[in-house]
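Report on the structure
Spelled out from the first residue to the last, the chains are:
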Amino acid sequence: MIRKGVIYGIPIALGYFPVAVTFGLMALARGMNETDVVLASMLIFAGSAQFALATLIDYPLNATLIPIILNLRHLIYGCIVSRRIEVRKPFLTAFGLTDEVFALSFKGDDESFIWGLALIAYLSWVFGTVVGVLGGEVIVSNENVYRSLVFAFPALFFLLILSSRDWPSAFVGAFLALLFSFLGYPSMGILASGLLTPLIVRWLPWRSS
């Protein structure tokens, strides 16, 4: 089942690589050193949390709290997975349970399938980060490549929105983030979107019926 998971995870790996390269470039530009950037991908392995960490690196409290809050959704992922399959190594499985791995985990019915998905995704993420760190000058010097990589992260989440078709959540979250950004509190906008969007969408008239 691990092999099957690796095969199914190839599209995830292809999507993760350019995003990881972008993270490596951006984190260096924000002042993180090369070792810390690579360790972040090896130990955290969470795209949105890592980008938030790099963006807020000058504000230690926000850089700690916001990535944690952004990742609280993984508690729900874990509960859903544990009800579907027998989880023998929860710490290993939880570490690799990213948004995309969770979405594809329904294609299998064994914990080892998730390990396969997570393995190829993790290797792609870490390798992409290393490429971004070591090849930063070459990549940035090519304007077309750099622009493509910068667009890769929002494009990945846009594809997730399209696949989920949860338009109310997308619009509410975007509205809150833009509102706080307009008011001069962009970091609070990330926090507000993550916390308030599920509550607001839950009580929308057409959702409560």
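Calculation rules
- Residues numbered from 1 in each chain as written.
- Predicted model: local features only at pLDDT ≥ 70, side-chain atom pairs only at ≥ 80, totals over all residues.
- Heavy atoms only, no water.
- Helix = DSSP H or I, 4+ residues; strand = E, 2+ residues; numbered from the N terminus.
- Buried < 20%, exposed > 50% of the residue type's maximum accessible area, 1.4 Å probe, protein only.
- Contact = heavy atoms within 4.5 Å.
- Areas by Shrake-Rupley, 256 points an atom, 1.4 Å probe, with all protein chains shown as cover.
- Axes fitted to C-alpha atoms, helices over the stretch in contact; angles between N-to-C directions.
- Parallel < 35°, antiparallel > 145°, perpendicular 65-115°, else oblique.
- Left-handed = near helix turned anticlockwise from the far one by under 90°.
- Nonpolar A, V, L, I, M, F, W, Y, C, P; charged D, E, K, R; others polar.
- Patch = residues over 30% accessible without salt bridge, like charges linked within 9 Å, V, L, I, M, F, W, Y side chains within 5 Å.
- Salt bridge = Lys/Arg side-chain N within 4 Å of Asp/Glu carboxyl O.
- Phe/Tyr/Trp six-rings, centres within 6.5 Å; stacked < 30°, edge-to-face > 60°.
- Arc of directions from axis to C-beta.

Right, let's talk about the overall build of the chain for a bit. Check the secondary structure of the chain and you find 13 helices and zero strands. When the helices and strands of the chain are placed in sequence order, the string is α-α-α-α-α-α-α-α-α-α-α-α-α. When the 209 residues of the chain are sorted by exposure, 39% land in the buried category. Considering only contacts within the chain whose residues lie at least 6 apart along the sequence, 67% involve residues at least 24 apart. Within the structure as shown, the chain displays about 12,300 Å² of accessible surface, and the carbon and sulfur contribution to it stands at 70%.

Our focus in this paragraph is the packing of helix H2 (residues 10-29) against helix H4 (residues 47-55). Axis angle and axis distance: for two packed helices, these are the angle between their axes and the distance between the axes, and together they describe the pair. One way to put it is that H2 packs onto H4 with a least axis distance of 10 Å and a crossing angle of 15°. Taken together, the axis directions place H2 and H4 in an arrangement best described as roughly parallel. H4 is crossed by H2, and the crossing has left-handed handedness. In contact with Val19, Thr22, Phe23, Met26 and Ala27 of H2, H4 contributes Gln50, Phe51, Ala54 and Thr55. Grouping the amino acids of the contact of H2 with H4 by side-chain chemistry returns six nonpolar, three polar and no charged.

With that out of the way, let us pick up the side chain of Thr93. Topologically, Thr93 is positioned in helix H7 (residues 90-95). Discounting chain neighbours no more than four positions away, the residues touching Thr93 are Val87, Glu111, Ile114 and Trp115.

Attention now moves to a nonpolar patch on the surface. Taken together, Phe175, Leu179, Phe182, Leu183, Tyr185 and Met188 make up a surface patch of nonpolar side chains, about 680 Å² in accessible area. With three residues, helix H12 (residues 167-182) is the largest single contributor of residues to the nonpolar patch. Following the sequence through the fold, Leu183 ends up in the loop between H12 and helix H13 (186-202).

Moving on, we get to the packing of aromatic side chains. In total, this model carries ten aromatic pairs according to the counting rule given. With centroids separated by 6.4 Å and ring planes inclined at 80°, the aromatic side chains of Tyr16 and Phe45 adopt a geometry described as edge-to-face. With Tyr16 in helix H2 and Phe45 in the loop between helix H3 (34-43) and H4, this pair connects stretches of sequence that are 29 residues apart. Site record: aromatic cluster; members linked through ring pairs are Tyr16, Phe45, Phe95, Tyr122 and Trp125.

What follows is about helix H5 (residues 60-70). For H5, the full list of buried residues reads Ala63, Ile66, Pro67 and Leu70. The buried residues of H5 occupy an angular sector of 95° when projected down its axis, which confines them to one face. What points out from H5, more than 90 degrees from its buried face, is the exposed set Pro60 and Leu61.

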